[in-house]
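The primary structure of each chain is shown beneath.
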Amino acid sequence: MATQVRAAQIAIEVVVSPRLDDQLVLACGRFSVDIVGFEWTGPHRLKFRSGIDGADLELLDVLESERVGERFAELVLVSGDGIFTDAISRLAMTSGIDVTVASRPDACSRRLRMAAKSVLHIEFDPSAFMEAA
């Protein structure tokens, strides 16, 4: 899984090109927190939660409770999960924040693509980096 985390970071950074002053929030399941936390390089904030949608729910909590629309002019969501559609739609409508979604093309919800101002495609095949357990 360490190789997969590093490969995902590289694939994301190629498309997103984060700046030094960007705030990066990562979310994962509780069984992945040690690997994600140690393998992802550079400054980041790490959130985690148990359950099937734990990581998504952690990110939703950040989007909905941390005044993101008041604090930032733009947001890049690296996910294709449709669970984020309503939250980013509300952010865009109420605060005018520019929302970009970055996702693998085959893994991005159609509703999420429509809600975002722009969509970036990440070239990453997670199954190509699976490590033996």
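Structure first, text after, so check above.
For the structure given in this document, a descriptive report is provided here.

Definitions and cut-offs
- Residues numbered from 1 in each chain as written.
- Predicted model: local features only at pLDDT ≥ 70, side-chain atom pairs only at ≥ 80, totals over all residues.
- Heavy atoms only, no water.
- Pairing = 2+ DSSP bridges.
- Helix = DSSP H or I, 4+ residues; strand = E, 2+ residues; numbered from the N terminus.
- Axes fitted to C-alpha atoms, helices over the stretch in contact; angles between N-to-C directions.
- Buried < 20%, exposed > 50% of the residue type's maximum accessible area, 1.4 Å probe, protein only.
- Contact = heavy atoms within 4.5 Å.

Considerations on the sheet that holds strand 4 (residues 98–103)
Either a parallel or an antiparallel arrangement is found when strands of a sheet pair, and the pairing is made through backbone hydrogen bonds.
Part 1 of the reasoning: Strand order in the open sheet made by the three strands is 3-4-5, with parallel pairing throughout. For this open sheet the edge positions go to strand 3 (74–78) and strand 5 (118–121), each flanked by a neighbour on one side alone. For this sheet, the mean inter-axis angle between neighbouring strands, taken without regard to orientation, is 20°.
Part 2 of the reasoning: Pairing between strand 3 and strand 4: five bridges, direction parallel. For L75, the partnering residue across the bridge sits in strand 4 and is V99.

Here's the deal with helix 5 (residues 85–95)
Part 1 of the reasoning: When we look at burial in helix 5, the residues that qualify are T85, A87, I88 and L91.
Part 2 of the reasoning: Elements that come into contact with the buried residues of helix 5 comprise helix 3 (54–65), helix 4 (68–71), strand 3, strand 4 and helix 6 (110–115).
Part 3 of the reasoning: Residue G96 follows helix 5 closely and has a positive phi angle near 75°.

Everything listed here is a matter of coordinates, which is why it stays silent on function.
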